[in-house]
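# Fold and contact review
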Amino acid sequence: MGRRCYGPSLLGWGLMAMVLTAPLQATERVAVTGGRVIPVNGEEIEGGTVLIEDGRIQAVGKDIVIPFDAKVIDASGKVVFPGMIECHTSMGLDRPNENASVAPYLDVADSVDPSSVGFEEALRSGVTTLGISHGNNCVVGAMSRAVRPIGLTAGEMTVKSDTGLKISMAPRSRSNRMVQMAQLREVFRDLSEYMGVLAESKYEEKLKEDDKKIDVGPEEARNRGKDLVEADDIDDKHRNLKRLTDGQIGATVYCGQAMDVAPAIDLAKENGFSERLVLVLGTECYKAVDLILATKRPVILVGNLIHRERDSFSGDMKEVFVPSVYAKKGVPFALLSESRNSLGEGFLWYQAARCVRNGLDRKRALEAITQVPAQVLGLQDRVGSLEPGKDGNLLILSGDPLDGMSWVEHVMIEGKIVYEREKDIRLQELLQGITRDEAAESEGEGAADAGEEKTPESSPEPEKEKKESSETPPKKEGGSNSDLDESREE
Amino acid sequence: MIEFPHRTTRGINGKKGRCFDMNKARWILFVGLLSFVVSGAAVSEETLVLRAGRVYPGDGRVIQDGAVLVQDGKIVAVGADISTPAGATEISRPDGVITAGLIDAGSTAGLMREMASGRRIDTWVEGVREVVPNTRISDVVDLLHPEFKELARNGVTTAYLTADTSSVIGAQGAVVKTNAGSERAEILKATHGIVATISADTFMRGNFNNPPWGTPMTYSRRPTTRMGLIWTMRKAFYDAMALRDGVEGPLGNPVVESDDDLRKLAKILAGDVQFRIQAKTRDDIYRAVRLSDEFGFDFVLAEATEAFRCLDVLKEKEIPVVFGPIFVNPLGYRQRSPDNPRVCLETPARMAKAGVFFALTANDLTGENSLPRQAGFAMRYGLSFDDALRSVTSAPARIIGQSKKLGRVETGYEADLVLWSGTPFQPVTFASAVVIGGKVVHEAVESK
């Protein structure tokens, strides 16, 4: 029963995704008008327009001529905000950690489940780009990729593949830091050994082709053969590592504690990927903020933003709100949501709002969920703000992004509306506490025939309750001061 | 005196053993008067004025650019045209909002201890008997616990400390002020209400007395089923009735330690002591209602996750609810509970709409799940601001029997106030200043 009801919306997304990938005949223009536009990269525009052509933003501003053939979406009274970016998550991976400790030949694409509820939840909370990464329980993990939370296959979802190799400085479970570091050193030593052997054999091959005899020792042969190695010659196990050391791809390096930061930076320097290093920083890592600042790279902060530490002498609990430390030093950081166990921490906007509550600049807080994560994923030219040339990824919010009462009304990805709150059945279920089975039952047998989306209003249960409550007189409190139980014992 | 405040008001054995000593009382009165005279000159120093862009007294009104005048721990005046007397302390925040201090009607602050290993353990779970209404939370609470400091920092000025839910009929709760001005909490009322449970918590919560091989059984814990739970509760009340009515005869093994426990239960039956029943699922809530019909006691429903499925009965029987915490995924010990109640995020809003009287609680949750966040998310999920404010101020004040003293910004009420940095319960808003009993116990340092 449940599937039957949810099916149509999935089908809808599917169709949308197909439309997205289908070759477009004519230029498609969408204009989102009248809203308060928060482009993030510049000043807010009251009553601004965002014009999108063929999925790309064409213009953002106040006095924009709307082409006659543009589909106009009225956002007056609402807020237009770029789609938020969750840049480091294992969402959709059934098992985020590979058993083998070194697995650079893997790609998360093979494990992403497009029908994962997480992606649906992402849309609902205004996330339009996600950086999918291998878990932290690895030495060298899989290749990450940036996806949009729509599409029927990992391929359709992909915005950008190869966004970075996952490396962890924190020891794997049942391991320790010495072993972890030894394994990491081993990985790169093995790579250079492998490349040497490969170069040597390539040189020998070349000599054989030229009918020449080996004229130099192995050392020189390796040197001469270096340029003969082509990308295809390198095996799967080493290819991504080689691309990393060659500076073609980056690495997302997880540091669990402050002590992991220095070795991570050294590792990047020694192996030539400092320019493409992205540190994922555990809560305690703020202690290494100066080292982090010196890398001049944006960083990712894990969802737990408060570091608690008991002073071993006084016994006092010390609390540090970590983003404040980075903000003060001027380290650009991206925020992540905390996956569960909290009312608000699962939402990126809430994490940003917490930053404002703790004294951070509103601008910096908004950047931490849009522009900085875009930069982290190497997508700064495509997403993260509303400016011409970027993807038409935007949210129409009922209010300010950091307002606790705001809801995501519409989500647009590359110019297509992919989420509408009023059609969000699952949200209504969560809010109203009805299960899909119940809703389907009360819907009756003939309800599931049509392919149309079932709106929450059509389920009789809440209606019944509404009716009941309207019969009861409005609550009277205020005036009465009588306690429920002024204990008569005293 | 502070350590054992209950001894100052009544004897251990309740009315019978009340050791009210007239001589002692005269002395107290005399010393009290003396100290009043001595401190008379210092009255003006105790004067405090809080100013903010908006003041919500808690009766639905809003006072723009209002102020609250506090003298000697009491609110003396509330309004728009209040001038600051000479020598008074003034805290002003033009973009701020003043509300009454929040009240958590179901907190567990100060009741968990942290072991050296960092693991938190229950200290207030009585494992010997299932019916322990004569035990008191106030005997075990750590008033210096940092959790109280955190509560105060979050704007929670008063907390009802609820007994643990692993007993069928558990201990008596206590009402505390979260900060008495010296980084410690103060007991306002050493005993208030008795907390009972109709949920799997009785046999699943805590594991110190569970057998190492898993499921609780009769050798380790009784009851092990809902049937056993209801039986235990019934048996306790029948024994209490028998004692009350002087019935003699074979009543079988008692479920209580002593007759004093039964006398406490008789007080519940007489309506002298508040009875609070924790229940999560719809059928457990109905079970509680059935028992209340059977024995004729009133009760306050606690936790009540599935309250949205029995709004009509809660309204009809006028059962007050201490609802919460709100969650999507169960938090804390609830994750291990086999109850697994259905979640409806709109529950607070729907209770308000249906006219059910309720307060919100964060229970054992802190940080981003603390009481102001509970209220904020209740608002996100449909509750109006006025109802949200009421559900964390005047409603819990009424439930904990303090509605004439706490929960409003009104002349004559105790000066428990919060000056918020902006609209209360918003995720960007923090408690800029917290006043308890006229003393500023917390002032936020802004790090901009």
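All residue numbers refer to position in the chain's written sequence, counted from 1. Just so you know, chain letters begin at A and ligand numbers begin at 1, following the order they were written in. Two thresholds apply to this predicted model, a pLDDT of at least 70 for residue-level local features and 80 or more for giving and counting side-chain atom pairs, whereas whole-chain, interface and lining totals are computed over all residues.

## Things to note about the overall build of chain A
For the record, the criterion: Secondary structure elements follow DSSP: runs of H or I no shorter than four residues count as helices, runs of E no shorter than two count as strands, and numbering proceeds from the N terminus. The burial label depends on the number of other C-beta atoms within 10 Å of a residue's C-beta. Counts of 20 or more mean buried, 12 or fewer mean exposed, and intermediate counts mean partly exposed, with C-beta atoms placed from the backbone. Note on contacts: residues are paired as contacts if their backbone-placed C-beta atoms lie within 7 Å.
When helices and strands are tallied, chain A shows 15 helices and 18 strands. Scored against the burial criterion, the 490 residues of chain A give a buried share of 44%. Considering only contacts within chain A whose residues lie at least 6 apart along the sequence, 67% involve residues at least 24 apart.

## A word on the overall build of chain B
When its secondary structure is counted, chain B shows twelve helices and 17 strands. The burial tally for chain B puts 51% of its 448 residues in the buried class. Across chain B, contacts joining residues at least 24 apart in sequence account for 67% of those joining residues at least 6 apart.

## A look at the pairing of strand β17 (residues 408–413) of chain A
Residue and element names in this part refer to chain A. Cut-off, in case you're wondering: The rule for pairing is simple: two strands pair if DSSP sees at least two bridges between them.
For β17, a buried count of five out of six residues is recorded, marking the element as mostly surrounded by other parts of the structure. By the bridge criterion, four bridges tie β17 to strand β18 (residues 416–420) in an arrangement that is antiparallel. Bridging from a neighbouring strand, Ile-413 pairs with Lys-416 of β18. Turn length for the β17-β18 hairpin, with the two strands adjacent in sequence and antiparallel, is two residues, and the turn residue Glu-414 shows positive phi of about 50°.

## A few points about the environment of Glu248(B)
Residue position: Glu248(B) is located in the loop between α5 (226–245) and α6 (259–269). On a C-alpha basis, the gap between Glu248(B) and Val356(B) in space is 42 Å, while along the polypeptide they are 108 residues apart.

## Overview of the nonpolar core
What counts, and what does not: Think of a nonpolar core as buried Ala, Val, Leu, Ile, Met, Phe, Trp, Tyr and Cys residues, each tied to the set through C-beta atoms within 7 Å. Throughout the structure description, domain borders are defined by an automatic or database domain assignment.
Counting residues in hydrophobic clusters, the biggest one holds 128 residues, and the most contacted among them are Leu50(B), Val68(B), Leu301(B), Ala307(B), Val321(B), Leu417(B) and Val435(B). Here this core takes six residues from strand β10 (residues 186–197) of chain B, the largest share from any one element. Mapping this core onto the domain boundaries places at least three of its residues in each of domain 2 (47–98 + 409–448) and domain 3 (102–406) of chain B. Ala142(A), Tyr254(A), Val289(A) and Leu397(A) belong to the second largest nonpolar core, which has 116 residues in total.

## Topic: the domain arrangement of chain B
Residue and element names in this part refer to chain B. Where we set the bar: Nonpolar residues are Ala, Val, Leu, Ile, Met, Phe, Trp, Tyr, Cys and Pro. Charged residues are Asp, Glu, Lys and Arg, and all others, Gly as well, are polar.
By the assigned domains, chain B splits into domain 1 (1–44), domain 2 (47–98 + 409–448) and domain 3 (102–406). Using C-alpha coordinates to define each centre, domain 2 is positioned 31 Å away from domain 3. Counting residues at the interface gives 18 residues for domain 2 and 23 residues for domain 3. For the side of domain 2 that touches domain 3, the secondary structure elements donating two or more residues are β16 (431–436) and β17 (439–443). Residue composition of the side of domain 2 that touches domain 3, grouped by class: ten nonpolar, five polar and three charged.

## Describing the domain arrangement of chain A
Residues and elements named next belong to chain A. As far as domains go, chain A holds domain 1 (1–83 + 384–456) and domain 2 (85–383). Counting only elements with at least two residues in the side of domain 1 that touches domain 2, the list comes to α1 (2–21), β17, β18 and α13 (425–432). By residue number, the principal contributor to the side of domain 1 that touches domain 2 is α1, which donates five residues.

## Points about the confidence of the model for chain B
Residues and elements named next belong to chain B. The line we're drawing: Confidence scores per residue from the predictor, reported as pLDDT, run from 0 to 100.
Summary statistics for chain B give a mean pLDDT of 85 and a share of 83% for residues scoring 70 or more. Within the model, the stretch residues 1–20 combines pLDDT values under 50 with 18 contacts to residues more than four positions away or in other chains. Confidence metrics for the complex model read pTM 0.86 and ipTM 0.86.

## Observations regarding the packing of helix α4 (residues 177–209) of chain A against helix α5 (residues 218–225) of chain A
Residues and elements named next belong to chain A. As a reminder, the rule being used: Interaxial angles span 0 to 180 degrees and are taken between N-to-C directions of axes, which are lines fitted to C-alpha atoms, for helices over the stretch in contact. Between 65 and 115 degrees an angle is taken as roughly perpendicular, under 35 as roughly parallel, over 145 as roughly antiparallel, and anywhere else as oblique.
At a minimum axis separation of 7 Å, α4 and α5 run at an interaxial angle of 85°. Regarding the angle of α4 to α5, the classification is roughly perpendicular. On the side of α4, the interface is formed by Gly-196, Ala-199, Glu-200, Lys-202, Tyr-203 and Glu-204, while α5 contributes Pro-218, Ala-221, Arg-222, Arg-224 and Gly-225. In terms of residue class, the contact of α4 with α5 is built from four nonpolar, two polar and five charged.

## A closer look at the sheet that holds strand β10 (residues 251–255) of chain A
Residues and elements named next belong to chain A. The sheet built from eight strands is open, its strands ordered β6-β7-β8-β9-β10-β11-β12-β15 with mixed pairing. Edge positions in the sheet fall to β6 (84–89) and β15 (333–335), since each of these pairs with one other strand and no more. Between one strand axis and the next, the sheet turns by 25° as a mean value, whatever way the strands run. By the bridge criterion, three bridges tie strand β12 (residues 299–301) to β15 in an arrangement that is parallel. Note on β15: the bridge partner recorded for Ile-300 is Ala-334.

## Details of helix α9 (residues 347–354) of chain B
Residues and elements named next belong to chain B. The element α9 is largely enclosed, with a buried count of eight among its eight residues. Within α9 the residues assigned to the buried category are Thr-347, Pro-348, Ala-349, Arg-350, Met-351, Ala-352, Lys-353 and Ala-354. Positioned one or two residues after α9, Gly-355 has a phi angle of 80°, which is positive.

## Some points on the pairing of strand β13 (residues 306–310) of chain A
Residues and elements named next belong to chain A. Both β13 and strand β14 (residues 317–321) contribute to a ladder of five bridges, which runs antiparallel. Residue Arg-308 lies in a different strand from β14, and its bridge partner there is Glu-319. Linking β13 back to β14 in an antiparallel pair, the connection comprises six residues, with Gly-315 at a positive phi of about 80°.

## Comments concerning the sheet that holds β10(B)
All names here are of chain B. If you walk across this open sheet you meet the eight strands as β5-β8-β9-β10-β11-β12-β13-β14, and the pairing is mixed. Strands at the two margins of the open sheet, each flanked by one partner only, are β5 (102–107) and β14 (358–360). On average, each strand axis in the sheet is inclined to that of its neighbour by 25°, with strand direction left out of account. As defined by bridge partners, β5 adjoins strand β8 (residues 156–161) across four bridges and the pair is classed as parallel. Looking at the pairing, Ile-103 lines up with Thr-158 of β8. Where helix α11 (residues 385–392) meets the sheet, its contacts fall on β5 and β14, and the angle it forms with β14 comes to roughly 80°.

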